[in-house]
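Structural overview
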Amino acid sequence: MMNRLILLGPPGSGKGTQAHALAIEMRIVHLSTGDILREEVRNSTELGLRAKSSMDAGKLVADDIILDMVEDRLRNSNASEGFILDGFPRTVPQAEGLDKIAGRLEISLEAVVNLQLDDEIIIGRLSKRVSCPVCSKVYNEDTNPPVVPGVCDIDGARLEKREDDTPEVIRQRLKVYHEQTKPLEEFYAEKGIMIVIDGDAEPAEVTERILSALDSNNESETTSDDRAKVESRD
Ligand code: AMP
């Protein structure tokens, strides 16, 4: 089973929702750099204070801060059993840094799931997004509302709109995505571990698409491993 994954895709493509569902289904750790940073901001930690102005402006937090944060989490959670990285890496230097971290921890990354969605759909989705500050569950006021308006189904907390989900900051985040994160597609396509998924469907349908793509990827890997074994026996 492939269980060391990266979820790549623009803001609003459903990374958080999908990573949450996959982590439960596959019993692996969900690591969202955005969620970790928002928690640091809420707790007014030194890291939170350093990150806040970039986040409010829809810009990226410095690579070295993010890399230290991710290495720390990968070392100190039960991530050895498997993990899904959501919102990281976001730049080529972060991806290179992740390779070094993986080397130090003696683990390998098995698949990069690239969720695709058009900018117009993204803008529509993000302007309707509300989320739970306690458990991070994401809702859409139109297409995926909570049972009681404004209240999280899971823990009853008051749902909030993210501060960076304003039209102006959404546009800035999309610009950053196209300029700094898109180049990662080539980085991972060259490594031969990228799976492209159309994210324009109901959340449960997208989860199905991802699981079946990971499954068939797994099978083709097993087949080529078996072939290698047979060949080495000859
Ligand atoms: P997200 O929840 O993934 O949309 O992230 C929200 C904000 O946190 C981003 O707009 C960035 O300011 C910051 N952030 C999250 N992940 C990263 C990352 N890997 N690198 C740099 N900044 C990040």
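The following refers to the structure shown. Here the structure is a predicted model, which means the values were calculated and not measured.

Let us look at the overall build of the chain. The helix and strand inventory of the chain stands at nine helices and seven strands. Computed over C-alpha atoms, the radius of gyration of the chain comes to 18 Å, within 12% of the 17 Å expected from 2.2 N^0.38 for 234 residues, which places it in the range of a compact globule. When its C-alpha atoms are laid out on the principal axes, the chain stretches across 65 × 35 × 30 Å. Burial statistics for the chain: of 234 residues in total, 44% are counted as buried. Long-range pairs, those at least 24 residues apart, make up 71% of the contacts in the chain with a sequence separation of at least 6. When the accessible surface of the chain is totalled, it reaches about 12,500 Å², and 48% of it is carbon and sulfur. In the chain, which carries 29 positive and 45 negative side-chain charges, the distance between the mean positions of the two groups comes to 4 Å.

Moving on to the pattern of salt bridges. Think of it this way: side chains of opposite charge can pair up when their charged atoms draw near. Here the structure, examined in full by the defined rule, presents 18 salt bridges. The salt bridge partner of Glu39 is Arg42, with a shortest N-O separation of 4.0 Å. Taken together, the residues span about one helical turn, with Glu39 and Arg42 both in helix H2 (residues 33-42) at a distance of three residues. Looking at Glu39, the relative accessible area reads 40%, which means it is partly exposed. Residue classification places Arg42 among the partly exposed positions, given a relative accessible area of 46%. A salt bridge links Glu71 to Arg104; the shortest N-O distance between them is 2.8 Å. Taken together, the residues span a long stretch of sequence, with Glu71 in helix H4 (residues 63-76) and Arg104 in helix H5 (residues 92-105) at a distance of 33 residues. The class of Arg104 is partly exposed, set by a relative accessible area of 49%. One salt-bridge network, held together by shared partners, links Arg129, Arg162, Asp164, Asp165 and Arg173.

The next point concerns the site of the ligand. Close to the ligand lie 16 residues, the nearest being Thr33, Arg38, Lys59, Gly87 and Gln94. The separation between a nitrogen atom of the ligand and a polar main-chain atom of Val61 is 3.0 Å. Here a nitrogen atom of the ligand sits 2.9 Å away from a polar atom, N or O, in the main chain of Gly87. Protein chains bury 95% of the 470 Å² of accessible surface belonging to the ligand in isolation. Residue contributions to the shell around the ligand peak at four residues, all from H2. A class-by-class count of the residues in the shell around the ligand yields six nonpolar, four polar and six charged.

So, on to the nonpolar core. Judged by nonpolar contacts, the single largest core of 28 residues is most densely connected at Leu74, Leu85, Leu98 and Tyr188. Listing elements by their share of this core, those giving two or more residues are strand E1 (4-8), strand E2 (29-32), H2, helix H3 (46-57), H4, strand E3 (83-86), H5 and helix H8 (183-191). In terms of residue count, H4 provides more of this core than any other element does, six residues in total. With residues up to four places along the chain from it excluded, the contact list for Leu74 reads Leu31, Ala79, Phe83, Leu85, Leu98, Ile101 and Leu105. Listed in part, the 19 residues of the second largest apolar core include Met2, Leu115, Ala213 and Leu214.

Moving on to the sheet that holds strand E7 (residues 194-198). The parallel open sheet is built from five strands, whose spatial order is E2-E3-E1-E4-E7. Each edge of the open sheet carries a strand with a single partner, namely E2 and E7. Averaged over all adjacent pairs, the angle separating strand axes in this sheet is 20°, with direction ignored. Strand direction decides the pairing type here: strand E4 (residues 111-116) and E7, joined by five bridges, are parallel. Bridge assignment links Asn114 to a residue of E7, and that residue is Val196.

Definitions and cut-offs
Residues numbered from 1 in each chain as written. Predicted model: local features only at pLDDT ≥ 70, side-chain atom pairs only at ≥ 80, totals over all residues. Heavy atoms only, no water. Helix = DSSP H or I, 4+ residues; strand = E, 2+ residues; numbered from the N terminus. Rg over C-alpha atoms; globule rule 2.2 N^0.38 Å. Buried < 20%, exposed > 50% of the residue type's maximum accessible area, 1.4 Å probe, protein only. Contact = heavy atoms within 4.5 Å. Areas by Shrake-Rupley, 256 points an atom, 1.4 Å probe, with all protein chains shown as cover. Lys, Arg positive; Asp, Glu negative; His and termini not counted. Charge placed at Lys NZ, Arg CZ, Asp CG, Glu CD. Salt bridge = Lys/Arg side-chain N within 4 Å of Asp/Glu carboxyl O. Near = heavy atom within 4 Å. Polar contact = N/O pair within 3.5 Å; in protein donor to acceptor, adjacent residues only side chain to side chain. Nonpolar A, V, L, I, M, F, W, Y, C, P; charged D, E, K, R; others polar. Core = buried A, V, L, I, M, F, W, Y, C linked by side-chain atoms within 4.5 Å. Pairing = 2+ DSSP bridges. Axes fitted to C-alpha atoms, helices over the stretch in contact; angles between N-to-C directions.

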